[in-house]
Amino acid sequence: MGHLEALRQRVLARLVEWEAAGLKRSLRPPSGIDLSSNDYLGLATHPRLVRRFVEALRIYGCGATASRLLRGHREIFTDVERRFAAFKGTEAALYFASGYAANLGVLTTFLESGDVVFSDERNHASLIDGMRLTRARRVIFPHRDVAALARLLRSEQGPGQKFLVTESLFSMDGDRAPLREYAALCRETQTALIVDEAHAVGIYGERGSGLIEEMGVADAVFLSINTAGKALGVCGAFVAGPAWAVEYLIQRARPFVFSTAPPPALMAALDEAITLIIEEPERRARVRANARRLREQLVARGIVLPLEDSPIIPVILGESERAVAVAAALQEEGFDVRAIRPPTVPAGTARLRVSVNVQVDETIAARFASALARILKSC
Ligand SMILES: Cc1ncc(COP(=O)(O)O)c(C=O)c1O
């Protein structure tokens, strides 16, 4: 390994810098009350999902053995994709191995040289990476700023296709994109609207299909990306949209074409997740009620929070060291809350990202709010 010495020294120096800036992460399994996972509906361990997964494993085995376009395809992928599309209210859907892969796939497939893509400054890394891999010109607009976006979109007169890319519920701030205003702007300026529903699918809307449904903007959306590893409790992501666009993804999306298909058994678990979301709307109602109650408890103790109806509650603490210290103190008291630091969030806005799931009842909310208020006084 002597020939790697220079590289080793360089990497060690980077790690030292990273640690000195308070940014070094560590791998830590769950412990304590879950206030940090994205398992909002509690489906990841639901006995019905587990049973369907195990039964399907016996039928399909562990691995798909090849890419979907080769020997890796099974009918169950298409069956559940069709079901997801019906649930979402679109013509078609395609399953990717992760939300990250789906975002890369969508953006690199549709954005071409000469196109312009408008992107919210707080978009998730997977959207940013997807855009960076294309030759489209990127225009970053201030977070949720409709007026700024309108000016930019209207002044863009080139011949290329325009795209607008946004999350519907922002993963680190828990706030919503103004989807109705975006829908109107996209119609006016012939812009293709791409919406990442990672944290909204399963939670919002009458059917539970997300904020696109809740805001009534389905007609204006080109594609949505719906991760299946959060409220749906499994993993992967469904891209939903018109049949012609999904057909193009099957032909051209590199993370889909050049990657082994995910285990087919996952689709049985996801089928059950969709059933539970449809059959048990009270689950998502409970998540939203739990989040409202926890917000009230925190605000009552003087903690400043944005006013949102969302299970993601950001408690902004400023410097990374402080966020880490507060998270560690909460951990000592049995609460699993994680510190989120730059570059995931902008410098100076390190925070606790409190995410509320179906189990966070009144007692937990009161205990957590008291513990956090007390810890904040000494940290
Ligand atoms: C907004 C958003 N998009 C995409 C992803 C990526 O999804 P996945 O974890 O399935 O790769 C995440 C979270 O990880 C996310 O928060």
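Nothing here was measured: the structure is a model prediction, and the numbers come from that model. (Residues numbered from 1 in each chain as written. Predicted model: local features only at pLDDT ≥ 70, side-chain atom pairs only at ≥ 80, totals over all residues.)

Engineer: How should the sheet that holds strand β11 (residues 338-340) be read in this particular structure?
Structural biologist: One open sheet accounts for 3 strands, arranged β9-β12-β11; its pairing is antiparallel. Every interior strand has two partners, whereas the edge strands, β9 (312-318) and β11, have only one. Strand-to-strand twist in this sheet, taken as the mean axis angle between neighbours without regard to direction, amounts to 35°. With 6 bridges joining them, β9 and strand β12 (residues 350-355) adopt antiparallel strand pairing. (Pairing = 2+ DSSP bridges. Helix = DSSP H or I, 4+ residues; strand = E, 2+ residues; numbered from the N terminus. Axes fitted to C-alpha atoms, helices over the stretch in contact; angles between N-to-C directions.)

Engineer: What is the right way to look at the nonpolar core in this model?
Structural biologist: Soluble globular proteins tend to pack their nonpolar side chains together in the buried interior. In this structure, Ala93, Leu193, Ile194, Val239, Leu270 and Ala273 are the most contacted members of the largest nonpolar core, which totals 110 residues. In terms of residue count, the dominant contributor to this core is helix α11 (residues 265-279) (9 residues). Two domains share this core, each providing at least three of its residues, namely domain 1 (24-42 + 281-378) and domain 2 (61-279). (Core = buried A, V, L, I, M, F, W, Y, C linked by C-beta atoms within 7 Å. Buried ≥ 20, exposed ≤ 12 C-beta atoms within 10 Å, placed from the backbone. Domains from an automatic or database assignment.)

Engineer: Can you walk me through the site of the ligand in this structure?
Structural biologist: Residues in close proximity to the ligand total 14 residues, the closest being Ser98, Gly99, Tyr100, Ser171 and Ala198. A per-element tally of the shell around the ligand places helix α4 (residues 99-110) first, with 3 residues. Broken down by class, the residue content of the shell around the ligand amounts to 3 nonpolar, 9 polar and 2 charged. (Near = placed C-beta within 6 Å. Nonpolar A, V, L, I, M, F, W, Y, C, P; charged D, E, K, R; others polar.)

Engineer: What exactly am I supposed to notice about the packing of helix α2 (residues 47-60) against α11 here?
Structural biologist: The packing of two helices is summarised by the inter-axis angle and the distance between the axes. Running from amino to carboxyl end, α2 crosses α11 at an angle of 155°, the nearest separation of the two axes being 7 Å. Accordingly, the angle class assigned to the pair α2 and α11 is roughly antiparallel. The two elements α2 and α11 meet at a crossing, and its hand is right-handed. Contact residues: Arg48, Leu49, Arg52, Phe53, Glu55, Ala56, Leu57 and Tyr60 in α2; Ala265, Ala268, Ala269, Asp271, Glu272, Ala273 and Leu276 in α11. A class-by-class count of the residues in the contact of α2 with α11 yields 10 nonpolar, no polar and 5 charged. (Parallel < 35°, antiparallel > 145°, perpendicular 65-115°, else oblique. Left-handed = near helix turned anticlockwise from the far one by under 90°. Contact = placed C-beta atoms within 7 Å.)

Engineer: I tried to follow helix α7 (residues 179-188) on my own but got confused; where do I start?
Structural biologist: Residues that lie three or four places apart on an α-helix share one face, since the helix turns once every 3.6 residues. Those residues of α7 that fall on the buried side of the exposure criterion are Leu179, Tyr182, Ala183, Leu185 and Cys186. Buried residues belonging to α7 abut α6 (146-155), β5 (162-167), β6 (191-196) and α8 (211-214). At the exit of α7 stands Gln190, carrying a positive phi of roughly 50°.

Engineer: Just checking my understanding: could you explain the packing of α4 against helix α5 (residues 125-132) for this structure?
Structural biologist: Where α4 meets α5, the closest approach of the two axes is 8 Å, and the angle between their N-to-C directions is 30°. As the angle between them shows, α4 and α5 are arranged roughly parallel. For the pair α4 and α5, the sense of crossing is right-handed. From α4, Gly99, Tyr100, Asn103, Leu104, Val106, Leu107 and Thr108 reach across to α5, where they touch Ser126, Leu127, Asp129, Gly130 and Met131. Partitioned by chemical class, the residues of the contact of α4 with α5 number 6 nonpolar, 5 polar and 1 charged.

Engineer: What is the right way to read the pairing of strand β2 (residues 92-96) from this model?
Structural biologist: In regular strands, side chains alternate between the two faces of the sheet. Within β2, 5 of the 5 residues are buried, which leaves it mostly tucked inside the rest of the structure. Both faces of β2 are covered, namely the face carrying Ala92, Leu94 and Phe96 and the face carrying Ala93 and Tyr95. Of the pairings in the sheet, the one linking β2 to strand β8 (residues 237-241) comprises 5 bridges and is antiparallel in character. Each residue of the ladder has a partner; that of Phe96, found in β8, is Ala237.

Engineer: Looking at this structure, I do not really get the pairing of strand β7 (residues 221-227). What am I missing?
Structural biologist: In terms of burial, β7 is largely enclosed, as 6 of its 7 residues are buried. Relative to β8, β7 is paired through 4 bridges, and the arrangement is antiparallel. Bridge pairing in β8 places Thr227 opposite Ala237.

Engineer: Explain the domain arrangement of the chain to me, please; I cannot follow it from the model alone.
Structural biologist: It is common to report an interface's size as the accessible area lost on association of the parts. Looking at the assigned domains, one finds that the chain contains domain 1 (24-42 + 281-378) and domain 2 (61-279). Relative to domain 2, the C-alpha centre of domain 1 lies at a distance of 27 Å. The interface is formed by 18 residues belonging to domain 1 together with 13 residues belonging to domain 2. Secondary-structure elements contributing two or more residues to the side of domain 1 that touches domain 2 are α12 (281-300) and β9. Its residues placed into classes, the side of domain 1 that touches domain 2 shows 11 nonpolar, 3 polar and 4 charged.

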